[in-house]
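Coordinates in review
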Amino acid sequence: MGKNFLGICLFGTVFSIRPLNTIELNHELIHAAQQKELLYIPFFIWYGIEWLVLFFKYRNWMLAYYHIRFEQEAYSHQCDLHYLKNRKHYKYK
Ligand SMILES: [Zn+2]
C-alpha cells in the first residue's frame, strides 16, 4: 500500500485513484507477490496485526506503517524495476 494511499493492491490487482508512476506501480506489484505467497487473506491479517503491534510500539500510525515488514520490502526495492524477477520467496521474513 502506498504512502498516500494512492494505490492498493488487492488479490493481485492494483487499484489506484490516479495512474501510478513506474515506481509506485512496482511498489504495489511487490505487494502482489507477497500476497500471492501468503494466499491473500492471511496477508491482510498479518499486515493488520503487525501494523497494530507497531502502532503500540511507536505510537505513531505513519511510523508503524513504514515498519511493517511488507512495506519495508516494498519501499527498499520499489526503485529496482528488475527486483521482482530476482526476488526470493518470503523475502520480508
Ligand atoms: Zn505499500
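Here is a short report on the structure shown in this document. (Residues numbered from 1 in each chain as written. Predicted model: local features only at pLDDT ≥ 70, side-chain atom pairs only at ≥ 80, totals over all residues. Heavy atoms only, no water.)

Once that is clear, we can look at the packing of helix H1 (residues 22-37) against helix H4 (residues 69-77). Running from amino to carboxyl end, H1 crosses H4 at an angle of 140°, the nearest separation of the two axes being 9 Å. By the criterion of interaxial angle, the relationship of H1 to H4 is oblique. In the crossing of H1 with H4, the sense of the turn from one axis to the other is right-handed. Residues Asn26, His27, Ile30, His31 and Gln34 of H1 touch H4, and the partners they reach there are Phe70, Glu71, Glu73, Ala74, Tyr75 and His77. Among the residues forming the contact of H1 with H4, the class breakdown is 4 nonpolar, 5 polar and 2 charged. (Axes fitted to C-alpha atoms, helices over the stretch in contact; angles between N-to-C directions. Helix = DSSP H or I, 4+ residues; strand = E, 2+ residues; numbered from the N terminus. Parallel < 35°, antiparallel > 145°, perpendicular 65-115°, else oblique. Left-handed = near helix turned anticlockwise from the far one by under 90°. Contact = heavy atoms within 4.5 Å. Nonpolar A, V, L, I, M, F, W, Y, C, P; charged D, E, K, R; others polar.)

Right, let's get into the packing of helix H2 (residues 41-58) against H4. A pair of packed helices can be characterised by two numbers: the angle between their axes and the separation between those axes. Closest axis-to-axis distance for the H2/H4 pair is 9 Å, and the angle between their directions is 100°. The angle between the axes of H2 and H4 places the two elements in the roughly perpendicular class. Of the residues in H4, those touching H2 at Phe43, Trp46, Tyr47 and Glu50 are Arg69, Phe70 and Glu71. Tallied by class, the residues present in the contact of H2 with H4 amount to 4 nonpolar, no polar and 3 charged.

This next bit is on the nonpolar core. Counting 9 residues, the largest nonpolar core is built from Leu38, Phe43, Tyr47, Leu54, Ala64, Tyr65, Ile68, Phe70 and Tyr92. Those elements that provide at least two residues to this core are H2 and helix H3 (61-67). Of all the elements, H2 adds the most residues to this core, at 3 residues. Contacts of Phe70, omitting those with residues within four sequence positions, involve His31, Gln34, Leu38, Phe43, Trp46, Tyr47 and Tyr92. (Core = buried A, V, L, I, M, F, W, Y, C linked by side-chain atoms within 4.5 Å. Buried < 20%, exposed > 50% of the residue type's maximum accessible area, 1.4 Å probe, protein only.)

Summed over the entire model, instances satisfying the criterion amount to 0 disulfides. Here Cys9 stays free of any disulfide, with the sulfur of Cys79 as its closest cysteine sulfur at 18 Å. Residue classification places Cys9 among the buried residues on the basis of a relative accessible area of 1%. (Disulfide = S-S within 2.5 Å.)

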